[in-house]
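Architecture at a glance
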Amino acid sequence: MEKFFVEKSPPLKGFVNIGGSKNSVLPVMASTLMSGETHILNGIPDLSDVSVMFSILSEFGVTIDWDKGNSHMKINSKNIFNKEAPFDLVTKMRASFLITGPLLSRFGHAKVPLPGGCQIGSRPVDLHLKGFLALGAKVSLEHGFVEVSASRLAGSEIYLDFPSVGATENIMMAAVLAEGETKIQNCAVEPEIVDLANFLNACGANIEGEGTDTITIHGVKYLHPSQHKIIPDRIEAGTFMIASAITKGDIILKNAISEHLKPVIAKLKEMNCLIEEAEGGLRVSCVGIQNCVDIKTMPYPGFPTDMQAPFMALLSVVKGSSVVTETVFENRFMHVSELKRMGAEIKIDSRSAVIEGVDSLTGAKVRATDLRAGAGLILAALVADGETEISDIHHIIRGYYNFEDKLKSLGAKIRME
Ligand code: UD1
């Protein structure tokens, strides 16, 4: 199994290209199951999670031509067939469950294993199922599989108890070809939801209100061919912003959309970083970083839970005490014990972590317990004395394309062996 080895690095400087959003491309790919037409997608990141979705769709007979060099994908679901979704693939990644809404819509039936993914909480799918039920589907859960079926789906009003990203996407997709009008209230408002709605509308769907807390979907009969460019990955961008902050560097993020990064930008500015629009992207100059800050994760537009671990790595080496409160997932502090191995001073109290900034961290053998925890460890390692050895990096390559090369190009001392 390969590992990352990271040595203390100089301040990172230069340009980095931000790729297409992982959390956007996965639902967009899943949604192509609903139409028998050809769709051209651009800005596809070469990530292992995208490969998993590729394999799952291929199992259903979807033909996909993926030009990785040009980040381009041509997908056609004309001659697909329905079957039980492959257990080994679906349980690798939670976003696989997003095929359920499209399969239900296309075939009136789907049998999908309960999903896997990063072990950052219990992560149920009750809200997804509540939505399918409201649209008129029968739902059963047996032997680890969810089975949903409906002779016809009909529009309905659905109130989500929590603005779940996945549930909003799955229900929105199921409702696109349902008869009549569906309203999803208290829905998620993440940019990835808007991107999915934009893609579906480009295919002829009639979705309104995406990006607000109520999405209205007027059912249509047919989706037509389309072209779409996936939005840049705000979490990858945020991770490089913190790479700049932790090393007191000066980086320009090409393609980053500042509107999607407001809470991260606000916190870094509170810490005295200079952040400005520049040369087709965002300049993040953190030479004078000093103040510590508190953060509390929230659904968008709050501080993203996916940035919590990377930000904690930064707070570990900033003078003073900070409090990080995680409200989205109940078990998302697994990186704390790994950061402590590197000399961080962190105490967990229920859903909060109290961090006392230390003068320096030390390289150690640590484990990437999940995708964003792994990114946080790499960032911490950039400023730790000596060498840090990071194992279980398969989690990291799920969500960061060419992380090693991108960091190296900015001056980081990192290698994969
Ligand atoms: C998506 C993102 C993930 C991000 C998360 C929150 C993708 C592929 N992944 O995950 O990177 O960390 O949003 O921003 O887009 N919940 C329920 N019942 C449900 C569904 C969710 O209780 O039916 C709970 C979850 O356990 C969790 C919270 O809601 O505590 C948020 O989950 P959700 O927004 O659904 O996250 P994902 O879509 O899985």
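Residues numbered from 1 in each chain as written. Predicted model: local features only at pLDDT ≥ 70, side-chain atom pairs only at ≥ 80, totals over all residues. Heavy atoms only, no water.

**Details of the overall build of the chain**
- In terms of regular secondary structure, the chain is built from 14 helices and 25 strands.
- Against the 2.2 N^0.38 benchmark of 22 Å for 417 residues, the chain shows a C-alpha radius of gyration of 21 Å, consistent with a compact globule.
- The C-alpha extent of the chain, read off along each of the three principal axes, is 65 × 45 × 40 Å.
- Expressed as a percentage of the 417 residues in the chain, the buried residues total 58%.
- Of the contacts made within the chain by residues no fewer than 6 positions apart, 73% connect residues no fewer than 24 positions apart.
- Carbon and sulfur atoms provide 49% of the accessible area of the chain, an area that totals close to 15800 Å². (Helix = DSSP H or I, 4+ residues; strand = E, 2+ residues; numbered from the N terminus. Rg over C-alpha atoms; globule rule 2.2 N^0.38 Å. Buried < 20%, exposed > 50% of the residue type's maximum accessible area, 1.4 Å probe, protein only. Contact = heavy atoms within 4.5 Å. Areas by Shrake-Rupley, 256 points an atom, 1.4 Å probe, with all protein chains shown as cover.)

**Remarks on the site of the ligand**
- Around the ligand, the structure places 18 residues, and the nearest of them are Arg94, Asp126, Ser164, Asp306 and Val328.
- Here an oxygen atom of the ligand and a backbone polar atom of Pro124 are 3.3 Å apart.
- At a separation of 2.8 Å, an oxygen atom of the ligand approaches a polar backbone atom of Gly166.
- Where the shell around the ligand is concerned, the elements lending two or more residues are helix H5 (126-134) and helix H6 (165-176).
- For the shell around the ligand, the leading source of residues is H5, giving three residues.
- Classifying every residue of the shell around the ligand by side-chain character gives eight nonpolar, five polar and five charged. (Near = heavy atom within 4 Å. Polar contact = N/O pair within 3.5 Å; in protein donor to acceptor, adjacent residues only side chain to side chain. Nonpolar A, V, L, I, M, F, W, Y, C, P; charged D, E, K, R; others polar.)

**Brief notes about the pairing of strand S19 (residues 345-349)**
- Note: S19 against strand S20 (residues 352-356), five bridges, orientation antiparallel. The residue of S20 that forms the bridge with Lys347 is Val354.
- Linking S19 back to S20 in an antiparallel pair, the connection comprises two residues, with Ser350 at a positive phi of about 60°. (Pairing = 2+ DSSP bridges.)

**Digging into the side chain of Thr388**
- Relative to the elements of secondary structure, Thr388 occurs in strand S24 (residues 387-391).
- Residues within four places of Thr388 in sequence aside, it is in contact with Phe4, Phe5, Val6, Met342, Gly363, Ala364, Val366 and Ala381.

**Focus: the environment of Glu338**
- Along the chain, the position of Glu338 falls in helix H11 (residues 334-341).
- Discounting chain neighbours no more than four positions away, the residues touching Glu338 are Val366, Arg367 and Leu377.

**Some thoughts on the packing of aromatic side chains**
- On inspection of all chains with the given rule, the structure shows five aromatic pairs.
- Here the aromatic rings of Phe240 and Phe403 are separated by 5.6 Å at their centres, their planes lie at 85°, and the arrangement is edge-to-face. Here the residue Phe240 occupies a position in helix H8 (residues 234-246), and Phe403 occupies one in helix H14 (residues 403-409), the gap between them amounting to 163 residues. Across the pair, exposure class does not vary: Phe240 and Phe403 are buried alike.
- Through a chain of ring-to-ring contacts, three or more aromatic side chains come together here, namely Phe240, Tyr400 and Phe403.
- The positively charged end of Lys68 is found above the aromatic ring belonging to Trp66, 4.6 Å away from the centroid.
- Directly above the aromatic system of Phe145 lies the positively charged group of Lys111, at a separation of 5.2 Å from the ring centroid. (Phe/Tyr/Trp six-rings, centres within 6.5 Å; stacked < 30°, edge-to-face > 60°. Lys NZ or Arg CZ within 6 Å of the ring centre and 35° of its normal.)

**Observations regarding the sheet that holds strand S3 (residues 38-42)**
- The four strands lie next to each other as S4-S5-S3-S13, forming an open sheet whose pairing is mixed. Looking at which strands have only one partner, the edges of the open sheet turn out to be strand S4 (63-67) and strand S13 (226-229). Each neighbouring strand pair of the sheet contributes to a mean axis angle of 15°, computed without reference to strand direction.
- Sheet analysis places S4 next to strand S5 (residues 72-76), joined by five bridges and oriented antiparallel. (Axes fitted to C-alpha atoms, helices over the stretch in contact; angles between N-to-C directions.)

**Quick look at the pattern of salt bridges**
- Applying the stated rule across the entire model yields 24 salt bridges.
- Residue Glu389 pairs with Lys3 through a salt bridge whose shortest N-O separation is 2.9 Å. Placement of Glu389 in strand S24 and of Lys3 in the segment before strand S1 (4-7) is noted, with a sequence separation of 386 residues between them.
- One salt bridge connects Glu270 with Lys267, and the closest N-O pair in it is separated by 3.3 Å. Placement of the pair is Glu270 and Lys267 together in helix H9 (residues 262-270), with a separation of three residues, close to one helical turn.
- Lys267 sits in the buried class, given a relative accessible area of 19%. (Salt bridge = Lys/Arg side-chain N within 4 Å of Asp/Glu carboxyl O.)

**Considerations on empty space enclosed by the protein**
- Per the counting criterion, the structure on display carries three cavities of 30 Å³ or more.
- Its boundaries defined by the atoms lining it, the largest cavity holds a volume of some 60 Å³.
- Looking at side-chain class alone, the lining of the largest cavity contains four nonpolar, three polar and four charged residues. (1 Å grid on protein atoms, 1.4 Å probe; cavity = no way out; pocket = protein on both sides within 12 Å on 5 of 7 lines; lining within 4 Å. Points joined across faces, edges and corners; volume = space filled by probe spheres on them.)

**Here we look at helix H2 (residues 48-59)**
- In a regular helix each residue adds 1.5 Å, so twelve residues correspond to 16 Å; H2 covers 17 Å between its end C-alpha atoms and thus fits that length.
- Where H2 is concerned, the buried positions are Asp49, Val50, Val52, Met53, Ile56 and Leu57. Down the axis of H2, the buried side of the element spans an arc of 155°, and every buried residue falls inside it.
- In this structure, the buried residues of H2 make contact with helix H1 (22-31), S4, S5 and helix H3 (87-90).
- Of the residues flanking the end of H2, it is Gly61, one or two places downstream, whose phi is positive at about 95°. (Expected span 1.5 Å × (residues − 1). Arc of directions from axis to C-beta.)

Geometry only, nothing functional implied.
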